[in-house]
Amino acid sequence: DLTYWDLGIIRGNHVYLIKCEMGAKKPNASILTIDHATQYLHPDYIIMVGIAFALKEEKLKIGDVMVATELLDYGSVKQYKGDIIERGLRVSADKTLLDRFTNAIVDWDGADIRFGLIITNDVLSDDKAYVEELRKRFPDAYGGEMEGCGLLANYQTPWIMVKAVCDFGYEKDDESQIDAALNAIRYVDYVLNEFDL
């Protein structure tokens, strides 16, 4: 049902590329796409690549690459007497993949790389007040994005997320999306070509 791009063998790893729609819950979005891919390909690893918004404006700039050490679903909450009680799944990225992506920065001469928590939900944010609320709820989060729930729903397969900053979640435009995506892709390509997984 899906198109699989066979990228060939890279350092002994057979690499496939599958594209999903924006978000996690639509029919061709990340949850069902990753589920289909894991059943069809039985991958050893999943590397999710794309774009995200930054929450730490003082530490990140447009084009920087964020690698998720942990992923948290911030849409699963309990509203209780005016308070938000977090109920979202928080899962760590695969330790072997984290090791490779962390060690790769030693000789990497491209965009700046940051490692940390990324939050995920099916919300396209273009609202400064909304972003400020997320900063208060998740002061340790580097950024947010929309497809990560697909990894959380299929977390039995080892994974890592690599997303580059295209905006700060408000006053958005599409100007930086392609350049940011290319930065994330270049870093993944570099790691795949330099390290055994």
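Here, every reference points to the structure presented above.
Residues numbered from 1 in each chain as written. Predicted model: local features only at pLDDT ≥ 70, side-chain atom pairs only at ≥ 80, totals over all residues. Heavy atoms only, no water.

For the rest of this paragraph, the subject is the overall build of the protein. Regarding its fold elements, the protein presents five helices and 10 strands. Relative to the compact-globule value of 16 Å for 197 residues, the protein shows a C-alpha radius of gyration of 16 Å, a close match. Expressed along its principal axes, the backbone C-alpha trace of the protein runs to roughly 55 × 35 × 30 Å. The burial tally for the protein puts 44% of its 197 residues in the buried class. Considering only intrachain contacts with a sequence separation of at least 6, the fraction spanning at least 24 residues in the protein is 75%. (Helix = DSSP H or I, 4+ residues; strand = E, 2+ residues; numbered from the N terminus. Rg over C-alpha atoms; globule rule 2.2 N^0.38 Å. Buried < 20%, exposed > 50% of the residue type's maximum accessible area, 1.4 Å probe, protein only. Contact = heavy atoms within 4.5 Å.)

Among the residues making up helix α3 (residues 128–137), those that are buried are V131, L134 and R135. Taken end-on, α3 shows its buried residues confined to a sector of 105°, consistent with a single buried face. More than 90 degrees from the buried face of α3, the exposed residues found are A129 and K136. N-cap assignment for α3: the residue whose side-chain oxygen lies 3.0 Å from the backbone N of A129 is D127. (Arc of directions from axis to C-beta. Polar contact = N/O pair within 3.5 Å; in protein donor to acceptor, adjacent residues only side chain to side chain.)

With four bridges joining them, strand β5 (residues 77–80) and strand β6 (residues 83–86) adopt antiparallel strand pairing. Bridge pairing links V77 to E86 in β6. With antiparallel pairing between neighbouring strands as the criterion, β5 and β6 make up a hairpin whose turn holds two residues, including K81 at a positive phi of roughly 50°. (Pairing = 2+ DSSP bridges.)

If you trace the backbone, K163 turns up in strand β10 (residues 159–167). A relative accessible area of 2% means that K163 is categorised as buried. A polar contact is formed between the side chain of K163 and the side chain of E145, at a distance of 2.7 Å. Contact partners of K163, with chain neighbours within four places excluded, come to M48, V49, G50, I51, A52, D64, V65, M66, E145, E147 and A184.

The subject of this paragraph is the layout of surface pockets. Of the pockets and cavities examined, the largest pocket occupies roughly 1700 Å³. In terms of lining, the largest pocket is formed by 50 residues, of which the most central are L17, I18, I47, M48 and V49. Looking at the lining of the largest pocket residue by residue, the class counts come to 30 nonpolar, 10 polar and 10 charged. (1 Å grid on protein atoms, 1.4 Å probe; cavity = no way out; pocket = protein on both sides within 12 Å on 5 of 7 lines; lining within 4 Å. Points joined across faces, edges and corners; volume = space filled by probe spheres on them. Nonpolar A, V, L, I, M, F, W, Y, C, P; charged D, E, K, R; others polar.)

With that settled, the discussion passes to the environment of D35. Position of D35 among the secondary structure elements: in helix α1 (residues 30–41). Spatially, the C-alpha atom of D35 lies 9.1 Å from that of L151, the residues being 116 residues apart in sequence.

Let us look at a nonpolar patch on the surface. Residues V49, I178, L182 and I185 make up a contiguous nonpolar surface patch of about 330 Å² in total accessible area. Tallying contributions element by element places helix α5 (residues 177–194) first for the nonpolar patch, with three residues. Of note, I185 is situated in helix α5. (Patch = residues over 30% accessible without salt bridge, like charges linked within 9 Å, V, L, I, M, F, W, Y side chains within 5 Å. Areas by Shrake-Rupley, 256 points an atom, 1.4 Å probe, with all protein chains shown as cover. Salt bridge = Lys/Arg side-chain N within 4 Å of Asp/Glu carboxyl O.)

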